Amino acid sequence: EAQVTQNPRYLITVTGKKLTVTCSQNMNHEYMSWYRQDPGLGLRQIYYSMNVEVTDKGDVPEGYKVSRKEKRNFPLILESPSPNQTSLYFCASSSWAGNTGELFFGEGSRLTVL
Amino acid sequence: AQSVTQPDIHITVSEGASLELRCNYSYGATPYLFWYVQSPGQGLQLLLKYFSGDTLVQGIKGFEAEFKRSQSSFNLRKPSVHWSDAAEYFCAVGGDFGNEKLTFGTGTRLTIIP
């Protein structure tokens with residue numbers, strides 16, 4: 001089954017404790033992206049990747065890091081989480097540039113930073 | 001910079017009634033336009049997309065949308081809603097190939113009453 005898998009789905013952590021949210025897709029997609037969803041703000045892009053070893057900032061990259069060492073994986077790293085990073089995070093992938101092809105989304109990772 | 005406005009935060013309609021969700025975009029050239037649906041606790045799923053050609057596009061689940069360049073709009077419609085259509089709906093705009101940033105609106109929550 002074609003899917004985008006995120007882990008963990010739910011996480012509560014404390015300020016400053018590094019964490020990684022993993023994202024993996026099994027569709028051989030070149031494009032992958034991370035979004036955060038906050039009430040009243042919709043989805044905002046954090047980082048995206050056009051292919052292995054190619055990443056770029058989205059609209060709200062501060063406080064986040066990403067890497068793309070393999071085509072299927074695109075982890076989101078919070079080196080020192082802060083409460084304003086409490087949010088619902090979505091990973092997405094696409095077989096073409098993200099704006100021209102259908103984005104396939106994971107089920108989301110709800111992160112709470114205390 | 002591109003942007004999307006969904007003026008209605010929350011809409012309530014009766015089951016069997018018609019539906020129209022509004023979306024206005026801002027983009028300097030011909031946009032790529034999308035509607036996504038998010039069911040509770042789920043990721044987003046593509047309903048339909050407009051790239052070029054016929055300005056009335058058909059999507060899944062009986063939805064359609066019409067691109068009106070003169071009004072910078074891409075409104076989503078359905079002639080008769082079902083209780084299962086209750087969800088949050090997001091309009092999104094992307095640009096020419098090479099623009100990897102897909103910008104989402106803030107979403108419209110749809111409630112269906114019996």
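Before reading on, note that the structure itself is shown above.
Bear in mind the structure is a predicted one, so any value in this text is a computation, not a measurement. Starting afresh in each chain, residues are numbered from 1 along the sequence in its written order. Each chain gets a letter, beginning with A, and each ligand a number, beginning with 1, in the order they are written. Since the coordinates come from a predicted model, pLDDT governs what is reported: local features require at least 70, and pairs of side-chain atoms require 80 or more to be given and counted, while whole-chain, interface and lining totals use all residues. Side-chain measures were taken over the full set of non-hydrogen atoms in the model, leaving aside hydrogen atoms and water.

Colleague: Quick question: what am I supposed to make of the interface of chain A and chain B here?
Modeller: Size of an interface: often given as the accessible area lost when the parts come together. Contact between two residues is taken to exist if any of their heavy atoms lie within 4.5 Å; hydrogens are not considered. Listed per partner, the contact involves 24 residues of chain A and 23 residues of chain B. As a working definition, buried area equals the accessible area (1.4 Å probe) given up by two parts on being put together, with both sides summed. Between chain A and chain B, roughly 1900 Å² of surface is buried when both sides are summed, and carbon and sulfur atoms account for 56% of that area. Salt bridge criterion: a side-chain nitrogen from Lys or Arg within 4 Å of a carboxyl oxygen from Asp or Glu. Run the count over chain A and chain B and you get zero salt bridges. Under the rule applied, a polar contact is a pair of N or O atoms within 3.5 Å (in protein, one hydrogen donor and one hydrogen acceptor; residues adjacent in sequence only if both atoms are side-chain atoms). Seen at the junction of chain A and chain B, the total is two residue pairs in polar contact (both at pLDDT 80 or more). Helix numbers and strand numbers start at the N terminus; a helix is a DSSP run of H or I with at least 4 residues, a strand a run of E with at least 2. Only strand E4 (31-38) and strand E5 (42-51) of chain A provide two or more residues apiece to the side of chain A that touches chain B. Broken down by element, the residue count for the side of chain A that touches chain B peaks at five residues, all from E5(A). Polarity classes work like this: nonpolar for Ala, Val, Leu, Ile, Met, Phe, Trp, Tyr, Cys and Pro, charged for Asp, Glu, Lys and Arg, and polar for all others, with Gly in that last group. Along the lines of polarity and charge, the residues of the side of chain A that touches chain B split into 11 nonpolar, nine polar and four charged.

Colleague: Would you take a moment to explain unusual backbone geometry for this structure?
Modeller: Excluding glycine, a negative phi dihedral is what most residues carry, and trans is how most peptide bonds are arranged. The omega angle of the peptide bond from A:Asn7 to A:Pro8 is -5°, so this bond is cis rather than trans. With respect to the helices and strands, A:Pro8 occurs in the loop between strand E1 (4-7) and strand E2 (10-13). The backbone of A:Glu53 shows a phi angle near 65°, a positive value even though the residue is not glycine. Note on placement: A:Glu53 falls in the loop between E5 and strand E6 (54-57). Relative accessible area decides the class of each residue, using a 1.4 Å probe on protein chains only: under 20% of the type maximum gives buried, over 50% gives exposed, and in between gives partly exposed. By relative accessible area, A:Glu53 is classed as exposed at 62%. Its identity as a non-glycine residue notwithstanding, B:Ser72 has a phi of 50°, on the positive side.

Colleague: Sorry, what's going on with the nonpolar core here?
Modeller: One broad rule of soluble globular proteins: the nonpolar side chains tend to lie buried together. By nonpolar core is meant a set of buried Ala, Val, Leu, Ile, Met, Phe, Trp, Tyr and Cys residues that side-chain atoms within 4.5 Å join together. One finds B:Leu19, B:Trp35, B:Leu47, B:Leu48, B:Phe74, B:Leu76 and B:Tyr89 to be the most contacted residues of the largest nonpolar core, which totals 26 residues. Going through the elements one at a time, strand E2 (10-14), strand E3 (19-21), strand E5 (32-38), strand E6 (44-50), strand E8 (64-68), strand E9 (73-78), strand E10 (87-94) and strand E12 (108-113) of chain B are the ones with two or more residues in this core. What B:Leu48 contacts, discounting residues up to four positions off in sequence, is B:Leu33, B:Phe34, B:Trp35, B:Val57, B:Gln58, B:Gly59, B:Phe63, B:Glu64, B:Ala65, B:Phe74 and B:Leu76. By size, the runner-up hydrophobic cluster in this structure holds 19 residues, among which are A:Leu78, A:Tyr89, A:Leu111 and A:Val113.

Colleague: Could you clarify how one ought to interpret the pairing of E2(B) in this entry?
Modeller: Sheet faces and side chains relate simply in a regular strand, where the side chains alternate between the two faces. All names here are of chain B. Alternating positions in E2 separate cleanly, Ile 11 and Val 13 being buried on one face and His 10, Thr 12 and Ser 14 remaining unburied on the opposite face. One bridge is not enough; two strands pair if DSSP finds at least two bridges between them. In this structure, E2 lies alongside E12, joined through five bridges in parallel fashion. Bridged to Thr 12 within E12 is Thr 111.

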